[in-house]
Amino acid sequence: MDGGENIVLIGFMGAGKSSVGRLLAKRLGRCFVETDDLIVAKEGRSIPEIFATGGEARFRELEADLLELLRLKRGEVIATGGGFPCREGRMETLKALGTVIWLAGEFEALYERALRSGSRPMLDGKPKEEVAALCRAREPFYRQAHLALETTGLGVDQVVRRIVSLLRSRARVG
Ligand code: S3P
């Protein structure tokens, strides 16, 4: 594992990017940062407030604005919001920042987890089928990750262990 390379976690809402990222960073002795937190800190408003006032379009602009800042990061674990990688050319940009890992999972499990934790404007008032369609539409972006991990049925600790071993074997090969 190259210590200077960032580790970028991507995946749909409810994939566990935040909890996995936090524990992974701790295990590897790295800093942990979340794109959502950077936006909230910069704007001084919560994600639901940003969506309520500026809509999704404004939130996506704020995500795009973060790219410059992310390019300055070295050796960090970065968890992205679920929609962050899903723009034309965005996966190439993320892959230039470091090793991109897709936390994949069965839609039902992701949806249940996403509904349970945190307030997510992308779920508000949407029928489940619409969210499932969004998840499917995002997959071609997520698939471009360097590594993918199926997380269904795994706990945070198990996911982190698998990531560490994937990264180690990748470092040996590369
Ligand atoms: C979003 C996911 C959220 C957050 C915002 C939009 C999305 O992050 O960035 O509510 O479009 O999927 P999580 O993936 O951490 O829930």
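Small disclaimer: the values here were computed from a predicted structure and weren't measured. (Residues numbered from 1 in each chain as written. Predicted model: local features only at pLDDT ≥ 70, side-chain atom pairs only at ≥ 80, totals over all residues. Heavy atoms only, no water.)

**A few points about the pattern of salt bridges**
Which entries qualify depends on this criterion: In what follows, salt bridge is the name for a side-chain nitrogen of Lys or Arg lying within 4 Å of a carboxyl oxygen of Asp or Glu. Only DSSP runs of H or I with at least four residues qualify as helices, and only runs of E with at least two residues qualify as strands; both kinds are numbered from the N terminus onward. Partly exposed residues are those whose accessible area sits between 20% and 50% of the maximum for their type, while under 20% is buried and over 50% is exposed, using a 1.4 Å probe and protein chains only.
Inspection of every chain in the model, using the stated rule, returns 10 salt bridges. With a shortest N-O distance of 2.9 Å, Arg 60 and Glu 56 are connected by a salt bridge. Residue Arg 60 and its partner Glu 56 are both found in helix 3 (residues 47-65); the two are separated by four residues, about one turn of the helix. According to the relative accessible area criterion, Glu 56 is partly exposed, its value standing at 32%. One salt bridge in this structure joins Glu 108 and Lys 128, with 2.8 Å as the shortest N-O distance. In this pair, Glu 108 is assigned in helix 6 (residues 107-116) and Lys 128 in helix 7 (residues 128-142), connecting sequence segments 20 residues apart. Overall, Glu 108 belongs to the partly exposed group, its relative accessible area being 43%. Accessibility expressed as a relative area gives 28% for Lys 128, which makes it partly exposed. Put simply, Arg 27, Asp 157 and Arg 161 are held in one network by salt bridges that share partners.

**Focus: the site of the ligand**
Our working definition: Note on terminology: near, applied to a residue and a molecule or strand, indicates that one of the residue's heavy atoms is within 4 Å of it. Between N or O atoms, a polar contact is any pair within 3.5 Å; within protein, one atom must be a potential hydrogen donor and the other a potential acceptor, and residues adjacent in sequence are included only when both atoms are from side chains. Computed with a 1.4 Å probe, the accessible areas rest on the Shrake-Rupley method; for each residue, only the protein chains presented here act as cover. Each residue is assigned to one class: nonpolar for Ala, Val, Leu, Ile, Met, Phe, Trp, Tyr, Cys and Pro, charged for Asp, Glu, Lys and Arg, and polar for all the others, Gly among them.
Taken together, 13 residues lie near the ligand, and Lys 17, Asp 36, Arg 60, Arg 120 and Arg 138 sit nearest. In the model, an oxygen atom of the ligand is placed 2.7 Å from a nitrogen or oxygen of the Lys 17 side chain. With respect to the ligand, the backbone of Gly 83 contributes an N or O atom lying 3.4 Å from an oxygen atom. Relative to its unbound accessible surface of 380 Å², the ligand loses 95% to contact with the protein. No other element matches helix 3, which puts three residues into the shell around the ligand. Of the residues belonging to the shell around the ligand, the class tally is five nonpolar, three polar and five charged.

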